[in-house]
Amino acid sequence: MQSIDDIKEQISDIFKKNNKLVLTIIILLTFMSISAFFILFSHTLKQNKKPKQGISIPEPEYSSSNDFIPPQNLPLSDEYYFSRVPKDKWTKEDADEYFEIPNQSLINELENANDSLVNEILGAVP
């Protein structure tokens, strides 16, 4: 308790000796606090008064005026499409051309990969 009393005594001595200086500092701090409050208040008031308008970007209208130009110096096959409409399901010819029935070694490889993934996930489970 002695140190608290010493601090109080030192502060009261400062006030007594430098009364004008302490009063000036208190007035300046008060003025700066009030000014900061009004600046912040007026800034938030200006932001609230602004009408909130969203930026509307018009959708661009793209249209092709010319036909597509094929790339030069490349041999194009009949299967080269500039654009195509996707089909809902494969035809028999597509399935024969693109789908490969997996053999037993591929199925075992996939099963081992899945088992190792499950073991890694469940490995720390009590």
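Described in the following lines is the structure provided in the data block.

## Quick look at the overall build of the chain
In terms of helices and strands, the chain carries 4 helices and 0 strands. Listing every helix and strand of the chain by position from the N terminus yields α-α-α-α. Summed over all atoms, the accessible surface of the chain reaches about 13300 Å², with 60% contributed by carbon and sulfur.

## Here's the deal with the environment of Trp90
On the secondary structure map, Trp90 appears in the loop between helix 2 (19-49) and helix 3 (92-98). With a relative accessible area of 52%, Trp90 lands in the exposed category.

## Focus: the packing of aromatic side chains
Scanning the model with the defined rule gives 3 aromatic pairs in all. For the ring pair Phe37 and Phe38, a centre distance of 5.7 Å and an interplane angle of 65° mean the geometry is edge-to-face. Here Phe37 falls in the exposed class, since its relative accessible area comes to 53%. These aromatic residues form a ring-pair network of at least three members: Phe37, Phe38 and Phe41.

## Some words on a nonpolar patch on the surface
Taken together, Ile34, Phe37, Phe38, Phe41 and Leu45 make up a surface patch of nonpolar side chains, about 520 Å² in accessible area. Turning to its location among the elements, Ile34 is positioned in helix 2.

## Concerning the pattern of salt bridges
As a working rule, side chains carrying opposite charge can pair if their charged atoms are close by. Counted according to the given criterion, the structure contains 2 salt bridges. Its salt-bridge partner being Lys87, residue Asp94 comes within 3.5 Å of it at the nearest N-O pair. For Asp94, a relative accessible area of 17% corresponds to the buried category. With relative accessibility at 55%, the residue Lys87 sits in the exposed group.

Calculation rules
- Residues numbered from 1 in each chain as written.
- Predicted model: local features only at pLDDT ≥ 70, side-chain atom pairs only at ≥ 80, totals over all residues.
- Heavy atoms only, no water.
- Helix = DSSP H or I, 4+ residues; strand = E, 2+ residues; numbered from the N terminus.
- Areas by Shrake-Rupley, 256 points an atom, 1.4 Å probe, with all protein chains shown as cover.
- Buried < 20%, exposed > 50% of the residue type's maximum accessible area, 1.4 Å probe, protein only.
- Phe/Tyr/Trp six-rings, centres within 6.5 Å; stacked < 30°, edge-to-face > 60°.
- Patch = residues over 30% accessible without salt bridge, like charges linked within 9 Å, V, L, I, M, F, W, Y side chains within 5 Å.
- Salt bridge = Lys/Arg side-chain N within 4 Å of Asp/Glu carboxyl O.

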